[in-house]
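# A look at the structure
Now for the letters of each chain:
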Amino acid sequence: MSDWKDTLNLPRTGFRMKASLPTTEPETIARWEASDLYGQIRDSRLGAPRYVLHDGPPYANGRIHLGHALNKILKDFIVKSRTMAGFDAPYVPGWDCHGLPIELQVDRQLGAKKRDMSAADVRRACREYAGKYVDVMRTEFKRLGVLGAWDTPYLTMDYRYQATIVRALGTFVEQGLVYRGKKPVHWCIHCRTALAEAEVEYEAHRSPSIYVEFPLAETARPALTELAPALADRAVSVLIWTTTPWTIPSNLAIAFHPELTYGAYENTTADGKPGAVILATALTGRVANETGRSLGAALATFRGRDLEHVRFRHPLYDRDAVAVLADYVTLEQGTGAVHTAPGHGSDDFHTGVRYELEVYAPVGPGGHFDDDVGLFAGQQVFEANPKVEAALADRKRLWHRTDLDHSYPHCWRCHHPVIFLATSQWFIALDTNDLRQRALEAIAGVEWFPSWGEERIHKMVANRPDWCISRQRSWGVPIPALYCTSCHEAALTKTLTDRAADIFAEHGADAWYERDLSEFVPDDFACPSCEHRTFERERDILDVWFDSGASHEVVLGSESGLAWPANLYLEGSDQHRGWFHSSLLVGLGTRNAAPYRQVLTHGFVVDEDGRKMSKSLGNVIEPGTIIKRNGAEILRLWVAMVDYREEMRLGNEILARVVEAYRKIRNTLRILVANLYDFDPVAHRMPVRELEEVDRYALARYGETAVKILDAYERYEFQPISHAVNHFLTVDLSAFYVDISKDRLYTFAANSPVRRSAQTAIYTMIDGLTRLLAPVLPVTAEDLWGHLPGSRESSVHLAAFPAGCEALIDRDLLARWQRLLALRDTVNAELERLRQEKTVGTSLEATVMLRASGTTAALVDQYAAILPTLFITSAAVVTSSVASPVDADGAADAQFTEEGGAATIEARRADGVKCERCWRYVESVSPTEPAGLCQRCVDALSEAMEVVG
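Read on for an overview of the structure. Every chain is numbered on its own, with residues counted from 1 as its sequence reads. This being a predicted model, a pLDDT of at least 70 is required before a residue's local features are given, and a value of 80 or more before pairs of side-chain atoms are given or counted; all residues contribute to the totals for chains, interfaces and linings. The side-chain values count all of the structure's non-hydrogen atoms but skip hydrogen atoms and water molecules.

## Regarding the overall build of the protein chain
Counting secondary structure elements, the protein chain contains 28 helices and 33 strands. Rg of the C-alpha trace for the protein chain: 38 Å, well past the compact-globule value of 30 Å for 949 residues, more than 25% over. With respect to the principal axes defined by its C-alpha atoms, the protein chain has extents near 125 × 75 × 45 Å. Relative accessible area decides the class of each residue, using a 1.4 Å probe on protein chains only: under 20% of the type maximum gives buried, over 50% gives exposed, and in between gives partly exposed. Taking all 949 residues of the protein chain together, the buried fraction comes to 58%. Contacts are assigned to residue pairs that have any heavy atoms within 4.5 Å of one another. Taking as baseline every contact in the protein chain between residues at least 6 positions apart, the subset at least 24 positions apart corresponds to 77%. Method for areas: the Shrake-Rupley scheme with a 1.4 Å probe, in which residue coverage is limited to the protein chains shown. Counting every atom, the protein chain has about 39,200 Å² of accessible surface; 49% of that belongs to carbon and sulfur. Note on charges: Lys and Arg go in the positive column, Asp and Glu in the negative column, and His and the chain ends are not counted at all. Think of each charge as sitting on NZ of Lys, CZ of Arg, CG of Asp or CD of Glu. The centroid of the 103 positive side-chain charges in the protein chain is displaced by 3 Å from the centroid of its 127 negative side-chain charges. Numbering of helices and strands starts at the N terminus; helices are DSSP runs of H or I of at least 4 residues and strands are runs of E of at least 2. Taken over C-alpha atoms, the radius of gyration is set against a globule rule of 2.2 Å times the number of residues to the power 0.38.

## Concerning the packing of helix H20 (residues 652–674) against helix H24 (residues 778–785)
Between H20 and H24, whose axes approach to 11 Å, the crossing angle comes to 15°. Between H20 and H24, the angle is such that the two are roughly parallel. Here H20 runs over H24; the crossing is right-handed. Contacts from Tyr 662, Arg 666, Leu 669 and Val 673 of H20 reach H24 at Thr 780, Asp 783 and Leu 784. Amino acids are sorted into nonpolar (Ala, Val, Leu, Ile, Met, Phe, Trp, Tyr, Cys and Pro), charged (Asp, Glu, Lys and Arg) and polar (every other residue, Gly among them). For the contact of H20 with H24, the class distribution of residues is four nonpolar, one polar and two charged. Between the N-to-C directions of two axes lies an angle of 0 to 180 degrees, each axis being a line fitted to C-alpha atoms and, for a helix, fitted only over the stretch in contact. Roughly parallel means an angle under 35 degrees; roughly antiparallel, over 145; roughly perpendicular, 65 to 115; everything else is oblique. Helix crossings get a hand from a simple test, with the near helix turned counterclockwise from the far one by less than a right angle marking a left-handed crossing and a clockwise turn marking a right-handed one.

## Concerning the side chain of Ser 548
Within the element layout of this structure, Ser 548 appears in helix H15 (residues 544–549). Overall, Ser 548 belongs to the buried group, its relative accessible area being 1%. The residues contacting Ser 548, other than those within four sequence positions of it, are Pro 57, Asp 96, Tyr 161, Trp 579, Ser 582 and Ser 583.

## Focus on the packing of aromatic side chains
The aromatic pairing rule takes the rings of Phe, Tyr and Trp, using the six-membered ring of Trp, and pairs them if the centres are within 6.5 Å, calling planes under 30 degrees apart stacked, those over 60 edge-to-face and the rest tilted. Per the counting criterion, the structure on display carries 30 aromatic pairs. Feature note: the residues Phe 77, Tyr 644, Tyr 713, Phe 718 and Phe 801 constitute an aromatic cluster, connected by ring pairs. The aromatic ring of Trp 512 is capped on one face by Arg 537, whose charged end is 5.7 Å from the ring centroid. When the NZ atom of lysine or the CZ atom of arginine is within 6 Å of a ring's centre and also within 35 degrees of its normal, the charge is said to sit over that ring.

## Overview of helix H26 (residues 854–862)
Within the span of H26, buried status applies to Thr 856, Ala 857, Leu 859 and Val 860. Down the axis of H26, the buried side of the element spans an arc of 165°, and every buried residue falls inside it. Contacts from the buried residues of H26 go to helix H25 (811–836), strand S28 (846–853), helix H27 (867–871), strand S29 (875–879), strand S30 (894–898) and strand S31 (901–909). What the arc measures is the spread of directions leading from the helix axis to the C-beta atoms.

Written out as structure tokens, the structure reads:
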């Protein structure tokens with residue numbers, strides 16, 4: 001018989017080398033859906049300890065992007081891993097369906113038609129739009145392999161959810177935390193609404209930078225002359241700096257730091273008279289340099305506190321600007337004297353309140369000046385900047401102007417610059433009823449991943465202003481407040497919120513716009529201020545961050561059967577000021593506790609050069625593009641390979657590397673399962689203690705890897721998982737264990753103990769690896785699961801993580817084999833030299849001579865019988881004395897050294913004849929049938945014939 005291939009136990013499997021993921025993934029997902037796999041998982045985990053990851057709701061306003069995909073994949077890693085760790089881990093996805101992003105899209109679609117539509121009509125259009133994209137995004141999320149309650153998600157526009165929002169608001173009202181007041185808020189003049197802190201992004205912006213003189217009021221001259229006699233006959237002014245010239249018309253004060261030193265510096269006025277200008281002494285050099293105007297000698301110096309109540313004249317209007325004191329004045333920029341407009345800045349507002357100044361903000365919702373501004377009436381504020389500068393220049397009060405490139409607040413949706421504008425809004429008071437302090441204490445009781453998240457949100461809560469919860473839009477949950485038609489005071493009580501919630505639960509929040517107001521007003525309700533009983537309804541809606549922040553009240557708790565608080569919240573790092581923040585405050589308002597035990601944040605996806613992805617740069621990669629070309633498993637593997645805590649780079653070159661990593665993983669798994677085609681885990685599995693030592697070593701390395709992976713899942717660290725899997729499969733298995741095991745797997749008798757030993761180890765490892773990989777590569781693991789031998793669950797996702805991994809770890813065994821592997825590396829280098837010299841073609845054509853001493857001699861003596869297997873050579877000869885590094889013919893032998901021992905290694909072409917079946921070189925082969933075979937192969941064939949017989 002010349003071809004012995006048919007007598008070998010060559011691997012075979014239906015687990016394909018080519019994954020064809022773009023085709024197989026949809027087929028697998030369809031099977032999961034048809035069999036209600038998620039429902040099966042829920043049923044199988046009944047009674048198990050609960051673990052709840054509460055899903056943060058994305059806006060239902062478009063197709064998913066890479067940030068969405070990253071977020072949902074990370075969540076799926078955790079839910080699947082917690083499920084396989086033995087928990088009952090439901091996943092209820094949700095969507096934020098209200099708010100400006102959706103309303104703006106609908107506005108664009110409606111165009112001029114919107115003018116003839118009622119608020120209720122617009123809301124219905126918004127509901128339809130949001131519903132459309134819930135369906136679109138749901139399909140795309142499911143395509144990522146994410147399992148969950150997709151048929152019953154939570155939606156902020158559901159009637160029950162809308163009612164819960166209003167009831168949550170009622171708890172704040174009941175505690176006296178909600179008030180209506182006029183104070184500056186971030187205002188988008190493009191969207192015509194107030195913005196929350198989380199809705200403001202800082203982007204590059206070019207602003208005018210101007211220095212302006214405010215002349216001393218004549219009524220203040222006596223007091224200033226008494227303070228500084230040298231100024232008696234001079235035209236005195238104070239110099240301010242600002243990057244918002246349009247706020248100059250609203251100026252009512254100049255702020256000084258009480259402890260800073262200010263000087264009055266000699267100068268000449270525009271009409272040539274002796275003058276003096278006041279600014280901080282520490283800033284004179286910088287101001288002179290930036291303005292190009294020299295300052296004369298200091299005629300007087302004084303503390304900021306000395307200037308309190310001194311009055312200056314507005315440079316454009318017939319009114320005074322009073323000198324006030326403020327600790328926030330710094331020497332970082334400007335002149336040390338700060339232009340103050342209480343209607344256009346948070347610090348300005350609080351200073352104005354302290355000094356009983358008017359909250360003056362003569363700007364309408366669209367950003368146009370009111371008529372009483374005179375010079376600039378009707379002009380849009382940003383367009384008015386150069387006209388304000390021109391007016392100041394005409395009055396010779398503009399010292400200097402230039403442009404400044406700096407970071408400026410922008411609306412996160414329309415990306416237009418925003419302004420600070422004092423308007424009447426609804427607020428939640430953070431410093432009433434210790435809400436802020438309770439929030440800070442709750443933050444300290446939460447576990448944050450990464451740990452710096454705690455400090456970040458702590459600072460945000462500690463320093464933020466009161467929460468502005470009203471928005472001037474249509475699509476959202478209305479604030480069920482009433483305005484008295486007699487005294488025009490606003491009323492918002494727990495009774496009103498309860499009544500509205502009951503109606504919303506049955507009819508939805510549209511009822512506020514469609515039903516008679518009397519349905520929302522209890523029969524005995526009267527205006528708290530004047531006892532009048534006729535009202536108008538509030539037209540503002542709630543901040544959508546309140547909507548999403550109340551999600552835990554809808555999804556968690558006794559009614560849903562899911563425990564409150566959640567075990568984990570997981571979103572992007574921007575949510576420290578967004579959903580994490582609002583959820584915390586709502587949780588404190590409703591239950592006086594944080595709604596989460598742990599919070600995990602991830603970074604953002606950038607291109608391969610570290611740039612933000614944007615359509616204008618042409619560097620956006622859509623998840624659908626990756627899935628169509630490579631499959632969702634590749635996207636999932638990329639998520640597992642990156643450090644999600646930082647910015648994550650992605651591009652075609654990176655994807656190519658991920659595809660190659662996936663190919664190596666799949667091919668190694670394939671060769672493993674292919675060697676189990678005739679293995680029965682019940683009939684053939686051997687006890688670990690009876691396995692060949694090399695198999696026990698492989699299991700020990702598998703045990704180490706599995707424990708590392710399980711620990712990483714527990715800590716939500718997925719990059720170490722991908723590293724551990726990649727190293728174990730490619731280095732420990734593919735490059736070593738599988739390579740040296742092929743001989744006994746292929747050439748030994750099928751039922752020989754040494755072959756069954758290898759198969760036992762392989763089965764243990766691939767069964768465990770399939771389970772361990774299932775959260776990351778769910779489709780691949782499911783495919784592989786169906787090709788593993790033995791009886792098992794219908795889906796890997798109904799199975800558990802492997803148990804007993806720690807018991808497989810034998811430290812002494814691992815230490816010995818690490819030494820053997822180090823020796824093998826040196827031998828392989830010698831064998832490679834022979835191949836390069838064309839002395840041998842394969843390592844089986846070689847013999848290795850080892851002359852060892854010390855601890856190395858003991859090691860190679862102990863393992864002498866398996867050294868040919870370890871080196872994949874035909875023979876290995878061991879002697880116990882180390883020869884000279886130079887052999888008889890002058891060639892240098894390879895040297896191996898370790899602590900306490902050494903070996904000299906000589907590799908040469910093997911003597912003897914080649915076995916035609918196993919390809920080893922042996923002393924002799926059989927001359928008769930089966931001719932040309934070594935005795936080992938003859939015995940193997942004989943054993944196989946006995947089994948067949």
